[in-house]
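Structure at a glance
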Amino acid sequence: MSKLYYPNKELAKKANIKSLEEYYALVDKASTDYEGYWKNFADKKIEWLKPYSKVLDESNKPFYKWFVDGKLNVSNQCIDRHLKDKSDQVAILFEGDRGDVQKITYQELSKNVNKFANLLKNEFNIKKGDRVVLYMPMIPEAAYAMLACARIGAIHSVVFGGFSAEALKDRIEDAGAKLVITADGAYRKGNPYLLKPVVDEATKSGCESLEAVLVVQRNNEDIDWKEKDHKYNELIANQSSECDFEVMDSEDPLFLLYTSGSTGKPKGVQHSTAGYILWAQMTMEWTFDLQEGDVFWCTADIGWITGHTYIVYGPLAAGGTTVMFEGVPTYPDAGRAWKMIEEHKISQFYTAPTAIRVLHKMGEDEPSKYDLSSLKVLGTVGEPIDPHAWEWYHQKVGGERCPIVDTWWQTETGGHMITPLPFATPIKPACATLPLPGINAEVIEKDGTPTPKGEKGYLCITKPWPSMIRTIWGDDERFKKAYFGDCVKDGEPVYFSGDGAMVGENDYITITGRVDDVINVSGHRLGTAELEAAIAEDEHIAEVAVIGTPHKLKGESIFVYAVTKDDANIEDIHKHINQILARDIGNIAKADDIVAVPGLPKTRSGKIMRRILRVLAKGEELTQDISTLEDPTIVEKIKEVLL
Ligand code: WT7
């Protein structure tokens, strides 16, 4: 077994979870009395407006209900209840691309969110249950908008600012959104860029449900104002900073967040109110050991679940100080992130392996030019981290002093599932280690038998947990099939993550990556089905198969096998395909490689064997039986092309 890094004993004394014994005691409690275990935390952590009557309702599986009939409000949980003793503490520490800093206290946050909530109610008649799409840059108004929705019971759906007009339109329509909140633009790498034109393009036709577009003027750009558009900066001035919050049910949807699956169009993952906020707060306290005075920085975009749970909801529910950064860590130079850590005395830094690889490449010793002694815990998320990147992160950023929490979770899980606890779990590089107490993560075969140690199996969560996905917006059947359709345990369908994993020594779990047709590019999920549907729009393409192939910086990159109709130039097709992908999905979906092949390996029933294509793209030898292919000779033909 590779070397283990043991927690610092001194720091452990003050930690929220102090030892592996304490961890196992919690695990035990959860296994002997599951509902009692969760009740204890729900009672302690949540400010209930009305107590719940039952911890877990399993009468309509897999549509589990948590904290049945309980009433609460997430913006109260994140803001109001902290005003008593934290009104002057910084809630959001914003740093703009060009270095402009805003420190927003809980008191100010409260006022800003209340005004925003009043604006939504008074000007746009947004009510409980209405859907509001946010297409926003990383500015404080994005967080205000999310919390304002939560305050009045509207369901937000944040669409990542890198998604295209086409993708935005699909999401507005699928959610039946009444309002889109956007900004004229923002700044990246010293330059302004525009967001509003993308909204114009997305909403120029269709979007029947849409009544208005609210535009925050971040840049004061001279934009094209349309009939439906409203100016945030003017309207907000007239709003009162007092606003009562809506009394929400535990199971009322808090938000939707679209994510890719292995089939069809993106799914609107629906999260709940009570279960979600409970786990967001608890994992903040456990995984990052958030303490009074800490300054927490998660570098994700609010367009992803990581931004929801660990920039906005988790840190604020836990009463912390959360850093929000508009720019990129490589601008104006490779020291930007380290400079921010030094200046703001950041205690936890949470980022993606892809960012670590890029920063490492830009300068082995860059971090040592800065005082990073404020750092206490480092984290990674989104994809497996390679040992090389891990070592650098540990030595150069963490000064061999900071535990690294490699957190495995998903949009659907709401919060962390498998991760070391920084002052309790001995850390194995590049390993997610153990499930959090109360989370029943298991590596099993499809029939529920445990996969033998050291072998790859299916990573499942075999009991419901509070922050789990409730359904796919508008499609209960797809929800059942996508998550509870593959694996059973003791005859009951269980949640399957789509990932493979392996159990090793000490029961540590290592994630081996997706086993379904989902690609992970720089920590972003892209479904092969979506990509293929877009690419097939190119008139020269007869058939297409997309796979993910290992990439030094991005983790995986998009590799296209194309059967072309004519002898059109493959480079021209490549260019055109990337235009289509940028238009239909966004700039994150760029094909790095394309090869023209005479055919695709398919089973007799017509299913493309992407596994074979993955092996061939890597230039590895096929060990798999190919006799079941419709045309086994195709494999040799593809190999020739790849040579
Ligand atoms: C997929 C979820 C939830 C955070 C951001 C991504 C992969 C996530 C890890 C990790 C290895 C990881 C999995 C997972 N993933 N964290 N620590 N080690 N792989 O959210 O877009 O829902 O993607 O990201 O494949 O299924 P997401």
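Residues numbered from 1 in each chain as written. Predicted model: local features only at pLDDT ≥ 70, side-chain atom pairs only at ≥ 80, totals over all residues. Heavy atoms only, no water.

Digging into a negative patch on the surface
Together, E166, D170, E173 and E208 line one region of the surface with negative charge. Within the secondary structure, E166 sits in helix α8 (residues 165-175). (Patch = residues over 30% accessible without salt bridge, like charges linked within 9 Å, V, L, I, M, F, W, Y side chains within 5 Å. Areas by Shrake-Rupley, 256 points an atom, 1.4 Å probe, with all protein chains shown as cover. Salt bridge = Lys/Arg side-chain N within 4 Å of Asp/Glu carboxyl O. Lys, Arg positive; Asp, Glu negative; His and termini not counted. Charge placed at Lys NZ, Arg CZ, Asp CG, Glu CD. Helix = DSSP H or I, 4+ residues; strand = E, 2+ residues; numbered from the N terminus.)

Things to note about the side chain of T451
Residue position: T451 is located in the loop between β21 (441-444) and β22 (456-461). Of the residues examined, T451 reaches a relative accessible area of 7% and is grouped as buried. Within the structure, the side chain of T451 is placed 2.6 Å from the side chain of E445, a separation counted as a polar contact. Excluding anything up to four places from it in sequence, T451 contacts V443, I444, E445, K456, G457 and Y458. (Buried < 20%, exposed > 50% of the residue type's maximum accessible area, 1.4 Å probe, protein only. Polar contact = N/O pair within 3.5 Å; in protein donor to acceptor, adjacent residues only side chain to side chain. Contact = heavy atoms within 4.5 Å.)

Some remarks on the site of the ligand
Close to the ligand lie 17 residues; D406, T407, T411, D499 and R525 are nearest. Contact with the protein chains covers 96% of the free accessible surface of the ligand, which is 560 Å². Secondary-structure elements contributing two or more residues to the shell around the ligand are α12 (305-317), β20 (404-407) and β26 (509-514). (Near = heavy atom within 4 Å.)

Some details on the environment of K489
With respect to the helices and strands, the residue K489 is situated in strand β24 (residues 487-489). Overall, the relative accessible area of 24% leaves K489 in the partly exposed class. Between the alpha carbons of K489 and E505 there is a distance of 23 Å; along the sequence they are 16 residues apart. Setting aside chain neighbours within four positions, we find K489 in contact with E442, G448, T462 and V494. Within the local environment of K489, its side chain forms a polar contact with the side chain of E442, the two groups lying 3.0 Å apart.

A word on helix α13 (residues 336-344)
When we look at burial in α13, the residues that qualify are R336, A337, W338, M340, I341 and H344. Just downstream of α13, K345 is the residue with a positive phi angle, here 50°.

Some points on the domain arrangement of the protein
Each domain of the protein was delimited in the assignment, giving domain 1 (1-6 + 272-434), domain 2 (96-106 + 116-246) and domain 3 (517-642). The centre of domain 1, based on its C-alpha atoms, is set 33 Å off from the matching centre of domain 3. Between domain 1 and domain 3, the residue contacts involve ten residues of the former and ten residues of the latter. Overall, the association of domain 1 and domain 3 removes approximately 770 Å² of surface from exposure, summing both partners, and the carbon and sulfur fraction of that is 50%. Area buried by domain 1 at its contact with domain 3 is led by W304, T354 and R357, which between them contribute 49% of it. (Domains from an automatic or database assignment. Buried area = accessible area lost by both parts, 1.4 Å probe.)

Some thoughts on the sheet that holds strand β14 (residues 253-259)
Sheets are built from strands paired through backbone hydrogen bonds, the pairs being either parallel or antiparallel. Sheet architecture is open: eight strands sit in the order β12-β11-β8-β6-β7-β14-β15-β23, paired in mixed fashion. The sheet terminates laterally at β12 (229-231) and β23 (471-472), the two strands that pair on one side only. Where strand β6 (residues 131-135) lies against strand β7 (residues 155-158), four bridges are found, and the strand directions are parallel. Across the sheet, L134 pairs through a bridge with V158, a residue of β7. (Pairing = 2+ DSSP bridges.)

Considerations on the sheet that holds strand β16 (residues 295-298)
The mixed open sheet is built from seven strands, whose spatial order is β5-β4-β17-β16-β18-β19-β20. Each end of this open sheet is capped by a strand with a single partner; those strands are β5 (101-105) and β20. This sheet shows a mean twist of 20° between the axes of neighbouring strands, independent of strand direction. Looking at chain direction, strand β4 (residues 90-95) and strand β17 (residues 321-325) are connected through four bridges and run parallel. Bridging across to β17, E95 finds its partner in F325. Seen against the sheet, helix α6 (residues 106-124) touches β4 and β5 and runs at an angle of roughly 85° to β5. (Axes fitted to C-alpha atoms, helices over the stretch in contact; angles between N-to-C directions.)

A closer look at the environment of S374
Take S374: it is sitting in the loop between α14 (353-362) and β19 (377-381). Overall, the relative accessible area of 24% leaves S374 in the partly exposed class. With residues near it in sequence (within four places) discarded, S374 still touches I341, K345, I346 and S347. Only 2.7 Å separates the side chain of S374 from the backbone oxygen of I346, close enough to count as a polar contact.

Brief notes about the pattern of salt bridges
One pass over the structure, following the stated rule, counts 38 salt bridges. The partner of K39 in a salt bridge is D43, with the nearest N and O atoms 2.5 Å apart. Of this pair, K39 and D43 both sit in helix α3 (residues 34-45), four residues apart, roughly one helical turn. Residue K39 is classed as partly exposed on the basis of its relative accessible area, which comes to 40%. We note a salt bridge from D592 to K554, for which the minimum N-O separation is 2.9 Å. Taken together, the residues D592 in strand β31 (residues 591-596) and K554 in the loop between β29 (541-551) and β30 (555-564) connect sequence positions 38 residues apart. One salt-bridge network, held together by shared partners, links D100, R218 and E326.

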